[in-house]
Amino acid sequence: EVWEQLPDFMRQEILDGLPQEMRENNNNNQQQRANNTETSQQEASTASAEDMDTASFIASITDPQLRMEVLGTIDDRVLASLPQHLRAEAEIIRQRSISNRHHVPGTNRRRSSNNSSRPSTVVTKPVIRLPSEIKSHPRLLDEQDVQSLLGLLFLLRPIRKSLVRNVFFNLSQHPETRSFVIDNLISIVKPCEESQKAAWLPKAILGCVSMITLNSSQTHAMNGLAPPLASKRALDLLKNLCSRDNRVLYLTLTKHLELLLDLLGVPEYILSSQHVVLIIDILSCVVDPLSNLKDESETKKEEESEENASASELEKRKSENEIDIPKVKVSIEHLRNLANILTVDSCSDDTFNKATSVVVNLSKVSDNRVNLLKELCRAAETLGIRAVRDLRSQSLNGTNKAEKSAKSEMKLLRVLKTVSNLADNAEDLASLTATVNLTELWEALFECLKQSNSLTPSTNTIIVEGDDAESSATKKINPKALRDAHARLPMIKAFFIINGFSKDGKSEKLVVDFAHTYKLILNALVNQNPSLLDGAFSCLVKNPRCRVVLDFENKRLYFRSMLKKARHGMRYGTIRLNVRRSHVFEDSFISLNLRETNEMRGRLSITFAGEEGIDAGGVTREWYAILAREIFKPGYCLFKPSADSSAFQPDPRSYIVDEHLKYFKFVGRVVGKAIADAHLMDAHFTRSFYKHILGLPIDYKDIQSLDPQYYKSLCDLLTLNIEDLGLELTFSADSEEFGVIRTM
């Protein structure tokens with residue numbers, strides 16, 4: 001003991017003065033004492049670990065991976081002896097492990113067919129993959145031979161279509177013959193003067209005799225065009241070749257695109273729906289590669305990547321017959337024909353959709369996009385003038401019925417939808433539509449809707465459910481008024497597309513006034529077609545000043561559709577909860593508190609401990625009903641009732657509970673889950689609390705449900721003239737917390 005109390009320098013001096021043998025013995029003794037001490041500490045630690053129970057051992061594990069491994073592989077008998085929170089954690093870990101074996105929660109059901117994840121060192125440009133070229137063999141036919149074969153298209157009784165297609169497909173594999181085929185097919189369909197017409201083109205269908213009665217307009221050439229029967233066959237053959245061979249497609253895109261657009265301006269073709277369909281189909285196929293073009297910033301990155309690419313990588317691309325997609329610029333005169341075709345009667349719905357895709361793909365080139373928007377806006381104004389004339393004509397003649405909707409209205413809506421598709425966002429759409437002046441059209445529309453709005457309800461009415469904003473009274477609309485509203489639906493959609501997202505104060509006021517004036521008609525239309533709120537009527541949802549005119553039922557249907565849309569194509573694991581009936585709140589809190597946000601989107605499957613049965617929906621409804629009563633119990637000190645006990649709001653004394661914030665998050669999750677899964681939950685909160693959730697400002701009127709007497713006093717302060725009373729007032733308030741009253 002005296003030796004241990006000596007300072008280090010004194011002990012060192014004493015040791016230095018001892019003989020060598022004694023110093024070695026002293027070092028050995030110190031080493032032996034240190035080993036004995038370490039051994040005794042290890043024995044004490046082992047004894048302590050043996051005394052520690054399983055729950056304490058698991059709680060002492062701080063490494064997340066080790067904790068997951070222990071809880072995921074622990075024996076079921078040992079697991080049953082653990083506390084509830086550890087059992088819940090182990091169950092969640094096991095469910096996640098099972099889910100990960102099959103799919104990643106919250107991922108799309110459709111998996112990519114390309115499983116390779118090889119990193120690419122080059123950001124390549126969009127390309128067209130071309131088939132191998134036949135160069136080693138000489139061409140079998142010259143241009144005259146190809147023209148002779150194309151003469152088969154002029155036969156009265158055509159050869160089998162598949163045979164003709166295969167012959168010309170094989171011929172187009174040779175580069176020179178391919179050019180002959182495409183050039184001569186184009187010469188069949190393009191208009192030209194009689195003197196400039198190719199000498200090999202027949203002037204009529206071959207095989208027509210005077211004894212056979214045929215429509216001469218289909219079998220004879222007119223106005224510098226080939227016979228319509230032959231031109232349709234030529235267009236069909238060109239369409240087939242473009243869809244089967246990318247080299248034909250590339251040649252047509254780079255050499256004949258403007259000529260194809262010119263065909264949309266030929267009056268004889270415009271009047272024929274079959275010709276319009278074939279031309280639009282060819283254009284849709286030819287310009288489809290342009291859809292892969294990217295914006296200018298990404299293009300610069302691709303060009304830099306191409307410059308930094310190694311020679312071997314570029315050589316590999318060349319060997320794979322890849323060619324960059326050309327950015328074809330089209331003049332405004334040719335694009336005008338494409339914009340005009342959207343307004344003609346021969347353009348069916350399917351053809352219109354394909355023409356829209358052609359417009360969108362051509363607009364990938366910035367110059368084309370600017371010109372297309374100019375032409376579409378010009379076409380919209382022209383159609384607006386025609387629609388005004390049709391609306392006023394119908395109003396005067398009394399033919400304002402659903403089946404009498406003017407074709408000009410539908411055409412205008414189509415054009416405006418195309419402009420909407422070209423817009424990048426709502427702000428871009430607003431700037432585009434600001435150039436379209438349709439003020440006169442809106443005035444005519446308002447006049448028509450006023451007539452429908454002024455119709456008095458009859459005994460035979462269609463009832464649209466109201467909301468609490470207008471008491472419990474139901475709103476009724478006359479059936480004739482609803483038919484008239486359906487007749488004007490295209491114009492109403494066009495009105496919202498043009499004005500709904502404009503930042504101009506005048507346009508915004510026009511939309512708000514329109515929504516409030518014709519809210520009965522708008523709600524009736526939305527009630528019969530809820531998808532309108534996700535389309536042309538979307539500004540009624542996004543504009544807070546317009547949102548108030550929507551009935552609650554319409555808002556609810558829109559909310560459900562948005563939830564369904566968000567979950568489309570996604571799948572999530574099942575949330576399995578095993579709770580004790582006497583401790584539903586605590587067990588549910590322990591289980592759901594450990595769940596991740598993505599996991600909460602899964603389907604609930606509730607099991608009450610000690611009760612057998614399969615949850616087909618009834619057990620979940622009962623679980624919600626029990627929780628709705630439990631969360632408002634005073635013992636949890638989470639919520640306090642309003643003055644009439646009809647609603648609840650957070651209790652300011654909840655801080656007395658250690659994990660009160662986690663409990664509030666749990667309640668929010670349960671309520672949100674009930675809303676998302678469309679389960680009824682008997683939980684009512686005060687208006688002020690709802691306003692806090694929505695981020696809306698509150699005022700003194702919201703306190704009426706909490707403290708009516710205090711609200712009355714506040715109202716008196718606003719109405720009474722305190723100075724006239726001659727009182728020297730002081731103000732105090734009593735606060736009671738757990739039996740202790742404090743005066744402030």
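Scoring rules and cut-offs
Residues numbered from 1 in each chain as written. Predicted model: local features only at pLDDT ≥ 70, side-chain atom pairs only at ≥ 80, totals over all residues. Heavy atoms only, no water. Helix = DSSP H or I, 4+ residues; strand = E, 2+ residues; numbered from the N terminus. Buried < 20%, exposed > 50% of the residue type's maximum accessible area, 1.4 Å probe, protein only. Contact = heavy atoms within 4.5 Å. Areas by Shrake-Rupley, 256 points an atom, 1.4 Å probe, with all protein chains shown as cover. Phe/Tyr/Trp six-rings, centres within 6.5 Å; stacked < 30°, edge-to-face > 60°. Pairing = 2+ DSSP bridges. Core = buried A, V, L, I, M, F, W, Y, C linked by side-chain atoms within 4.5 Å. Salt bridge = Lys/Arg side-chain N within 4 Å of Asp/Glu carboxyl O. Axes fitted to C-alpha atoms, helices over the stretch in contact; angles between N-to-C directions. Parallel < 35°, antiparallel > 145°, perpendicular 65-115°, else oblique. Left-handed = near helix turned anticlockwise from the far one by under 90°. Nonpolar A, V, L, I, M, F, W, Y, C, P; charged D, E, K, R; others polar. Expected span 1.5 Å × (residues − 1). Right-handed = clockwise from strand over helix to strand, strands pointing away. Patch = residues over 30% accessible without salt bridge, like charges linked within 9 Å, V, L, I, M, F, W, Y side chains within 5 Å. pLDDT = per-residue confidence, 0-100. Polar contact = N/O pair within 3.5 Å; in protein donor to acceptor, adjacent residues only side chain to side chain.

**Considering the overall build of the chain**
Counting its regular elements, the chain contains 37 helices and 13 strands. Counting only residues that meet the buried cut, the chain has 39% of its 744 residues in that class. Of all intrachain contacts in the chain linking residues separated by at least 6 positions in sequence, the fraction that spans at least 24 positions is 71%. As displayed, the chain offers around 43,400 Å² of accessible surface, 52% of which is attributable to carbon and sulfur atoms.

**So, the packing of aromatic side chains**
Counted under the stated rule, the structure contains 23 aromatic pairs. Measuring from ring centre to ring centre gives 5.4 Å for Phe585 and Phe666, while their planes differ by 85 degrees; the resulting arrangement is edge-to-face. Of this pair, Phe585 sits in helix α32 (residues 584-593) while Phe666 sits in helix α34 (residues 660-676), and the two are 81 residues apart along the sequence. Comparing Phe585 with Phe666, the two get one shared label, buried. On the numbers, 4.1 Å between centres and 15 degrees between planes, the contact of Phe632 with Phe648 is stacked. Of the two residues, Phe632 sits in the loop between α33 (618-630) and β10 (639-641) while Phe648 sits in strand β11 (residues 648-650), which places them 16 residues apart along the sequence. We note that Phe632, like Phe648, is buried.

**Points about unusual backbone geometry**
Even without being glycine, Cys637 reaches a positive phi, approximately 55 degrees. Tracing the sequence through the fold places Cys637 in the loop between α33 and β10. By relative accessible area, Cys637 is classed as buried at 6%.

**Side note on the pairing of strand β12 (residues 734-737)**
Sheet analysis places β12 next to strand β13 (residues 740-743), joined by four bridges and oriented antiparallel. Residue pairing for β13: Glu737 is matched across the bridge by Val740. Between the antiparallel neighbours β12 and β13 lie two residues, among them Phe738 with a positive phi of about 55 degrees.

**As for the nonpolar core**
Among the nonpolar cores identified, the biggest contains 126 residues, and Leu185, Ile188, Leu362, Phe496 and Phe537 are the most heavily contacted of them. No other element matches helix α21 (residues 366-397), which puts nine residues into this core. When residues no more than four places from it in sequence are discounted, the contact partners of Phe496 are Phe501, Val511, Phe514, Leu522, Ala536, Phe537, Cys539 and Leu540. Judged by nonpolar contacts, the second largest core, of 31 residues, contains Leu577, Leu627, Phe639 and Phe666.

**A closer look at the pattern of salt bridges**
Within the structure shown, the criterion is met by 21 salt bridges. Residues Lys662 and Glu659 are paired through a salt bridge, measuring 4.0 Å at the closest nitrogen-oxygen approach.

**Quick look at the environment of Leu201**
As for its position among the elements, Leu201 is in the loop between α10 (175-189) and α11 (216-219). Leu201 sits 13 residues away from Ile188 along the chain, and the two C-alpha atoms are 7.3 Å apart. Among residues more than four places away in sequence, those in contact with Leu201 are Phe154, Ser187 and Ile188.

**Let's talk about the packing of helix α22 (residues 407-422) against helix α26 (residues 489-499)**
Between α22 and α26, the least distance of the axes is 9 Å, while the angle of their chain directions is 30 degrees. When the interaxial angle is binned, α22 and α26 end up roughly parallel. α22 and α26 meet at a crossing whose hand is left-handed. Across from Glu409, Met410, Leu412, Leu413, Leu416 and Lys417 in α22, the residues of α26 making contact are Pro490, Met491, Lys493, Ala494, Ile497 and Ile498. When its residues are assigned to classes, the contact of α22 with α26 shows nine nonpolar, no polar and three charged.

**So, the packing of α32 against α34**
For any two helices packed against each other, the geometry comes down to the angle between their axes and how far apart the axes lie. At a minimum axis separation of 10 Å, α32 and α34 run at an interaxial angle of 85 degrees. Taken together, α32 and α34 sit at an angle that is classed as roughly perpendicular. Two secondary-structure elements touch here, α32 through Phe585, Ser588, Phe589, Leu592 and Asn593 and α34 through Lys662, Tyr663, Phe666, Arg669 and Val670. Residues of the contact of α32 with α34, tallied by class, amount to six nonpolar, two polar and two charged.

**With respect to α34**
Its 17 residues give α34 an end-to-end C-alpha distance of 24 Å, which sits within 8% of 24 Å, the value for a rise of 1.5 Å per residue. Ala678 occupies a position one or two residues after α34 and carries a positive phi of about 60 degrees.

**A few points about the side chain of Thr620**
Summarising the element assignment, Thr620 is placed in helix α33. Thr620 gets classed as buried once you look at its relative accessible area, which sits at 5%.

**A look at the pairing of strand β9 (residues 604-608)**
Within β9, four of the five residues are buried, which leaves it mostly tucked inside the rest of the structure. Strand direction decides the pairing type here: strand β8 (residues 575-579) and β9, joined by five bridges, are parallel. Following the sheet pairing, Arg576 is matched in β9 by Ser605. With respect to chirality, the unit in which β8 leads through α32 into the neighbouring parallel β9 is right-handed.

**As for a nonpolar patch on the surface**
Residues Tyr690, Ile693, Leu694 and Leu696 make up a contiguous nonpolar surface patch of roughly 420 Å² in combined accessible area. Considering the arrangement of structural elements, one finds Ile693 in helix α35 (residues 687-694). Residue classification places Ile693 among the exposed residues on the basis of a relative accessible area of 55%.

**Observations concerning the environment of Lys493**
Along the polypeptide, Lys493 turns up in helix α26. A relative accessible area of 17% places Lys493 in the buried class. Sequence separation between Lys493 and Leu532 is 39 residues; the distance between their C-alpha atoms is 8.8 Å. Look past the residues within four positions of Lys493 in its chain and what remains in contact with it is Leu413, Leu532, Ala536 and Phe537.

**Focus on the confidence of the model for the chain**
Per-residue confidence for the chain gives a mean pLDDT of 77; residues scoring 70 or more make up 79%. For the stretch residues 210-214, pLDDT sits under 50, and the model shows five contacts to residues farther than four places along the chain or on other chains. Across residues 458-474, confidence stays below pLDDT 50; counting only partners more than four residues off in sequence or on other chains, it has 31 contacts.

**Describing the side chain of Asn499**
By secondary structure assignment, the location of Asn499 is in helix α26. For Asn499, a relative accessible area of 6% corresponds to the buried category. Non-local contacts of Asn499, meaning those with residues more than four positions away in its chain, are made with Trp442, Ser507, Leu510 and Val511.

**Considering the environment of His275**
One can find His275 in helix α16 (residues 273-286). Given a relative accessible area of 3%, His275 falls into the buried group. Sequence spacing of His275 and Arg233 is 42 residues, and the spatial spacing of their C-alpha atoms is 9.9 Å. If we skip the residues at most four places from it in the chain, His275 touches Pro228, Ser231, Lys232, Leu235 and Tyr269. Of note is the side chain of His275, whose polar atom sits 2.8 Å from the side chain of Ser231.

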